[in-house]
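# Examining the three-dimensional arrangement
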Amino acid sequence: MELLIKNGRILDPSTNLDFIGDIYIKNGIIEEIGQDLQYSAEKLIDAKGLWVTPGLIDVHVHLREPGQEYKEDIESGSRSAAKGGFTTICCMPNTKPVVDNEVVVEYINMKAKKAGLVNVLPIGAITKGQEGEILANIGKMAEAGICAISEDGKSVLDANLLRKAMQYASMFDLPILSHCEEPSLATGFMNAGEMSALLGMKEIYPESEEIIVARDIILANNAKAKLHLCHLSTKGSIQLLKEAKLRGEIVTAEVTPHHFTLTEEAVEGYDTNTKVNPPLRTRIDVEAIKCGLRDGIVDIIATDHAPHHIDEKNCEYEVAANGIVGLETSVSLTITELVNKGYLTPIGLVEKMSTNPARMLGIDKGTLEIGKIADITIINPSIEYVVNGQEFESKSKNTPFNGMKLQGKAMYTIVGGQVIMEDGKIRGEIQ
Ligand code: DOR
Ligand code: ZN
């Protein structure tokens with residue numbers, strides 16, 4: 001199979017490319033990049049006016065399989081990723097059963113292969129059953145191919161156990177993806193602030209996140225572990241991250257599109273689609289996150305794609321499930337909120353959504369280098385559309401962005417040289 005992409009704006013921070021040109025792909029490999037390439041390929045893509053980037057990577061996704069396939073499964077999650085322009089996704093271990101042993105890792109690998117769309121990299125839990133008491137078998141899961149460990153959904157509260165997990169992880173060169181939440185300060189349902197006072201809703205304090213950010217930075221530095229902080233949401237967290245980086249410590253962090261787009265004010269109408277953990281914060285926090293991305297303090301944009309069934313959202317705010325479907329609006333929100341508003345350049349977007357995620361994971365992706373596997377995303381940066389969750393490929397439709405007019409969309413997703421998404425259609429439906 002040969003593929004020729006013509007006249008696109010080729011954007012690749014890893015090789016310092018930003019020019020209008022062509023890419024020729026043969027047998028799944030990037031063969032040549034340049035101008036006026038003359039090949040007679042089986043498939044020709046006219047990328048005029050489009051961005052051609054290394055395949056987007058989402059390091060924080062919930063696929064719900066095994067155990068909660070009514071919300072999402074590996075196939076529907078893979079389709080959702082393809083639609084959103086992602087070629088690689090990392091799936092969190094808070095499934096039923098939890099991904100805490102090699103058998104579940106192998107099961108996910110098998111199902112991902114069967115879906116045959118995007119690369120799915122499982123993340124292993126830190127403790128057995130995510131119960132915070134006994135370490136999971138990190139070594140065995142590493143052999144089975146996990147890309148990281150995480151207790152996502154909560155923090156490991158026993159600091160000594162986490163210290164040991166970090167030592168283990170560094171032996172296997174695995175990053176630790178830290179969900180930062182001190183539970184005694186997070187007994188409520190929304191950010192502690194003016195809005196929670198107005199709505200009379202029980203609060204989640206910003207300190208809940210910041211205390212654990214500080215603790216995990218200290219622990220990781222002593223254990224020489226690769227710490228990655230998940231979904232940072234407060235100005236204080238960004239400040240702690242900045243200080244650690246200034247000290248030269250090995251730490252990376254992600255923020256989500258919903259945390260850089262929405263504030264706690266979105267909760268006003270009690271729309272349960274705004275209920276997420278960590279919660280939507282204040283205008284000041286949102287600005288700190290956006291400046292953190294702009295200034296290179298925040299490394300990665302990740303979705304925390306968290307699908308939930310309508311019945312788990314169609315209830316009172318207090319009892320609704322936490323989470324937002326993220327894969328299919330991520331590129332559009334990043335272009336609309338960050339590129340169009342001057343926080344990120346197009347190259348900056350690629351850095352946060354492909355180059356840096358690959359570097360953090362230590363995988364040979366996130367690049368358009370010649371000789372590498374052709375995982376490529378082609379984005380139309382100027383197309384405008386109105387979000388309609390009912391059109392998602394994901395099994396779940398819980399988005400707070402319904403009706404929002406956005407700019408920019410993935411037009412093609414190419415994995416290993418195969419076009420798996422073209423203009424919204426998933427392989428099998430493509431003419
Ligand atoms: O909103 C969230 N949903 N935050 C998390 O940490 C977990 C996730 C989920 O699994 O639904
Ligand atoms: Zn998560």
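Model, not experiment: these values are computed from the prediction.

### Examining the sheet that holds strand E15 (residues 300-301)
- In spatial order, the strands read E6-E7-E8-E9-E10-E13-E14-E15; together these 8 strands make up an open sheet with parallel pairing. Two strands lie at the open edges of the sheet, namely strand E6 (56-61) and E15, each paired on one side alone.
- In this fold helix H2 (residues 102-115) packs onto strand E7 (86-91) and strand E8 (119-124), with an angle of close to 165° to the strand it touches most, E8.
- In the packing of helix H12 (residues 346-361) onto the sheet, the strands contacted are E6, E7, E8, strand E10 (176-178), strand E13 (227-229), strand E14 (251-255) and E15, and the crossing angle to E6 comes to about 65°.

### Details of the packing of aromatic side chains
- Scanning all chains against the criterion turns up 2 aromatic pairs.
- For the pair Tyr24 and Tyr39, a centre-to-centre distance of 3.6 Å together with 5° between the ring planes defines the contact as stacked. Placement of the pair is Tyr24 in strand E2 (residues 17-26) and Tyr39 in the loop between strand E3 (29-34) and strand E4 (43-46), with a sequence separation of 15 residues.
- What makes Tyr24 buried here is its relative accessible area of 4%.
- Note on Tyr39: relative accessible area 34%, which makes it partly exposed.
- A cation over a ring is seen here: Lys409 above Tyr385, with NZ or CZ 4.3 Å from the ring centre.

### Some thoughts on the nonpolar core
- Among the nonpolar cores identified, the biggest contains 86 residues, and Ile89, Met166 and Leu229 are the most heavily contacted of them.
- For this core, the element with the highest residue contribution is helix H6 (residues 206-223), accounting for 6 residues.
- Among the nonpolar cores identified, the runner-up in size contains 19 residues, and Ile5, Ile45, Val52 and Ala374 belong to it.

### Quick look at the site of ligand 1
- The environment of ligand 1 is formed by 14 residues, the closest being Arg64, Asn94, His179, Asn277 and His308.
- Between ligand 1 and the protein, one listed contact pairs an oxygen atom with a side-chain N or O atom of Arg64 at 2.8 Å.
- Here an oxygen atom of ligand 1 sits 3.4 Å away from a polar atom, N or O, in the main chain of Gly323.
- Relative to its unbound accessible area of 290 Å², ligand 1 is 92% covered by the protein chains.
- For the shell around ligand 1, a count of residues per class yields 2 nonpolar, 9 polar and 3 charged.

### Quick word on the side chain of His308
- With respect to the helices and strands, His308 occurs in the loop between E15 and helix H10 (310-313).
- When neighbours within four sequence positions are excluded, His308 is seen to be in contact with Arg64, Lys71, Lys313, Ala321, Asn322, Gly323, Ser396 and Asn398.

### Description of the coordination of the zinc ion (ligand 2)
- Around the zinc ion (ligand 2), the donor atoms from the protein are His60 (NE2), His62 (NE2), Asp152 (OD) and Asp304 (OD), and they sit 2.0 to 2.2 Å away.
- Each of the 4 donor atoms bound to the zinc ion (ligand 2) contributes to angles spanning 87 to 175°, and the resulting shape is irregular.
- Taken in sequence order, the residues that donate to the zinc ion (ligand 2) follow the motif H-x1-H-x89-D-x151-D. Remark: Asp152 occurs in the loop between strand E9 (148-150) and helix H4 (159-171) and His60 occurs in strand E6; sequence separation between them is 92 residues.

### Notes on a nonpolar patch on the surface
- Nonpolar side chains collect at one region of the surface, where Tyr168, Met171 and Phe172 lie side by side and expose about 320 Å² of accessible area between them.
- If you trace the backbone, Met171 turns up in helix H4.

### Side note on the pattern of salt bridges
- All told, the structure shown has 19 salt bridges when counted by the stated rule.
- With its nearest N and O atoms 2.9 Å apart, the salt bridge here joins Arg79 to Glu393. With Arg79 in helix H1 (residues 74-84) and Glu393 in the loop between strand E16 (376-386) and strand E17 (405-415), this pair connects stretches of sequence that are 314 residues apart.
- For Arg79, a relative accessible area of 18% corresponds to the buried category.
- Shared partners join several salt bridges into a network, and the residues in it are Arg79, Glu393 and Glu429.

### Focus: the packing of H4 against H6
- Their axes nearest at 9 Å, the elements H4 and H6 cross at an angle of 45°. Between H4 and H6, the crossing angle belongs to the class labelled oblique. Between H4 and H6 lies a crossing of right-handed hand. Here Ala159, Leu162, Arg163, Met166, Gln167 and Ser170 of H4 lie close against H6, whose contacting residues are Arg215, Asp216, Leu219, Ala220 and Ala223.
- Its residues placed into classes, the contact of H4 with H6 shows 6 nonpolar, 2 polar and 3 charged.

### Remarks on the packing of helix H11 (residues 330-339) against H12
- As a packed pair, H11 and H12 sit with axes 11 Å apart at the nearest point and diverge in direction by 135°. Compared by their axis directions, H11 and H12 come out oblique. Crossing geometry of H11 relative to H12 is assigned as right-handed. Contact residues: H11 offers Ser330, Val331, Thr334, Ile335 and Val339, while H12 offers Pro346, Leu349 and Met353.
- In terms of residue class, the contact of H11 with H12 is made up of 6 nonpolar, 2 polar and no charged.

Rules of the game
- Residues numbered from 1 in each chain as written.
- Chains lettered and ligands numbered in written order.
- Predicted model: local features only at pLDDT ≥ 70, side-chain atom pairs only at ≥ 80, totals over all residues.
- Heavy atoms only, no water.
- Pairing = 2+ DSSP bridges.
- Helix = DSSP H or I, 4+ residues; strand = E, 2+ residues; numbered from the N terminus.
- Contact = heavy atoms within 4.5 Å.
- Axes fitted to C-alpha atoms, helices over the stretch in contact; angles between N-to-C directions.
- Phe/Tyr/Trp six-rings, centres within 6.5 Å; stacked < 30°, edge-to-face > 60°.
- Buried < 20%, exposed > 50% of the residue type's maximum accessible area, 1.4 Å probe, protein only.
- Lys NZ or Arg CZ within 6 Å of the ring centre and 35° of its normal.
- Core = buried A, V, L, I, M, F, W, Y, C linked by side-chain atoms within 4.5 Å.
- Near = heavy atom within 4 Å.
- Polar contact = N/O pair within 3.5 Å; in protein donor to acceptor, adjacent residues only side chain to side chain.
- Areas by Shrake-Rupley, 256 points an atom, 1.4 Å probe, with all protein chains shown as cover.
- Nonpolar A, V, L, I, M, F, W, Y, C, P; charged D, E, K, R; others polar.
- Donors = N, O, S within 2.8 Å, 3.2 Å for Na, K, Ca; no water.
- Tetrahedral: all angles 85-135°; square planar, octahedral: opposite > 155°, others 65-115°.
- Patch = residues over 30% accessible without salt bridge, like charges linked within 9 Å, V, L, I, M, F, W, Y side chains within 5 Å.
- Salt bridge = Lys/Arg side-chain N within 4 Å of Asp/Glu carboxyl O.
- Parallel < 35°, antiparallel > 145°, perpendicular 65-115°, else oblique.
- Left-handed = near helix turned anticlockwise from the far one by under 90°.

Remember that the coordinates give geometry; whether it matters functionally is a separate question.
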